[in-house]
Amino acid sequence: MPDATEIIRKAGDSGGWEPMMVAFVLIACIAAISWLVKVYMAQANKREDSMAARINTLEDYQRATLATMIEKTQTALVDNSTAIRDLRDTLEGKPCLLTDERSDRLVDRIATRIKDKAQA
């Protein structure tokens, strides 16, 4: 009857435990890679959910605030253009209004009116 060392040596020589270890290592590597992919995909999904929430917030802001602001700005620009045309027509008929002192006051009044309309 062979002793234990001889049996272990024959098992090692015949490759009995080596294929098992290789299979175990391969399965462990595949499991580790699968776990890493799962963790990475979970993080990507979390980032995408966060990005979707930010995009929805920006779209709501655009619909609620910017669209209204654009309409008010367009109205103010039309009113401003009309006021400037009327002022030009008035000044062409009455050039005495363009003296330095009166010009400064006139520019201040126009700027105040434009500012008031823009804020309204």
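In every chain, residue numbers begin from 1 and rise along the written sequence. Only residues with pLDDT of at least 70 are given local features in this predicted model, and only at 80 or more are side-chain atom pairs given and counted; all residues enter the totals for whole chains, interfaces and linings. To obtain the side-chain values, all non-hydrogen atoms of the structure were used and water was disregarded.

Caption draft 1: Spatial organisation of the overall build of the chain. Helix numbering and strand numbering both begin at the N terminus, where a helix is a DSSP run of H or I of at least 4 residues and a strand a DSSP run of E of at least 2. Helix and strand content of the chain: 3 helices and 0 strands. Overall, the chain shows an N-to-C arrangement of helices and strands of α-α-α. Categorising residues by exposure relies on relative accessible area from a 1.4 Å probe, with only protein chains included: less than 20% of the type maximum marks a residue as buried, more than 50% marks it as exposed, and the intermediate range marks it as partly exposed. A total of 120 residues make up the chain; the buried ones form 4% of that total. We get accessible surface area from the Shrake-Rupley algorithm with a probe of 1.4 Å; when it comes to residues, only the shown protein chains can shield them. When the accessible surface of the chain is split by element, carbon and sulfur atoms take 64% of a total near 10,600 Å².

Caption draft 2: Spotlight on the environment of Leu 87. As for its placement among the helices and strands, Leu 87 is situated in helix α2 (residues 17–93). A relative accessible area of 22% means that Leu 87 is categorised as partly exposed. Separated by 19 residues in sequence, Leu 87 and Leu 106 place their C-alpha atoms 9.7 Å apart. Beyond its immediate sequence surroundings of up to four residues, Leu 87 is in contact with Leu 106 and Ile 110. Every residue pair with non-hydrogen atoms within 4.5 Å of one another is taken to be in contact.

Caption draft 3: Quick look at the layout of surface pockets. Only protein atoms enter the calculation, which uses a 1 Å grid: trapped sets of points that fit a 1.4 Å probe without letting it out are cavities, open sets showing protein on both sides within 12 Å along at least five of seven lines are pockets, and any residue with an atom within 4 Å of a point is a lining residue. Grid points are joined across faces, edges and corners, and a volume is the space filled by probe spheres set on the points. The computed volume of the largest pocket comes to approximately 500 Å³. Every residue lining the largest pocket is counted, 21 residues in all, and those nearest its centre are Leu 87, Leu 106, Arg 109, Ile 110 and Arg 113. Put simply, the parts of the chain that give the lining of the largest pocket at least two residues each are α2 and α3 (100–119).

Caption draft 4: The arrangement of the pattern of salt bridges in detail. We define a salt bridge as a contact between a side-chain nitrogen of Lys or Arg and a carboxyl oxygen of Asp or Glu at a distance within 4 Å. Using the criterion set out here, one finds 2 salt bridges in the structure. A salt bridge links Arg 63 to Asp 60; its shortest N-O distance comes to 2.5 Å. In this pair, Arg 63 and Asp 60 both sit in helix α2, 3 residues apart, roughly one turn of the helix. Its salt-bridge partner being Asp 79, residue Lys 117 comes within 4.0 Å of it at the nearest N-O pair. A residue pair is termed long-range when its members are at least 10 positions apart, and Lys 117 in helix α3 and Asp 79 in helix α2 qualify at 38 residues.

Caption draft 5: Up close: the confidence of the model for the chain. Note: pLDDT gives the predictor's confidence per residue, expressed from 0 to 100. Chain-level pLDDT for the chain is 80 on average; 76% of the residues reach the 70-or-more range. Across the chain, element-level confidence peaks in α2 with a mean pLDDT of 87 and bottoms out in helix α1 (residues 4–14) with 58.

Caption draft 6: Broad picture of the environment of Thr 75. Within the secondary structure, Thr 75 is located in helix α2. Remark: the alpha-carbon pair of Thr 75 and Ala 118, spanning 43 residues in sequence, is separated by 8.9 Å. Polar contacts here mean pairs of N or O atoms no more than 3.5 Å apart (in protein, one a potential hydrogen donor and the other a potential acceptor; neighbouring residues in sequence count only if both atoms are side-chain atoms). Of the polar contacts made by the side chain of Thr 75, one reaches the backbone oxygen of Glu 71; its length is 3.0 Å.

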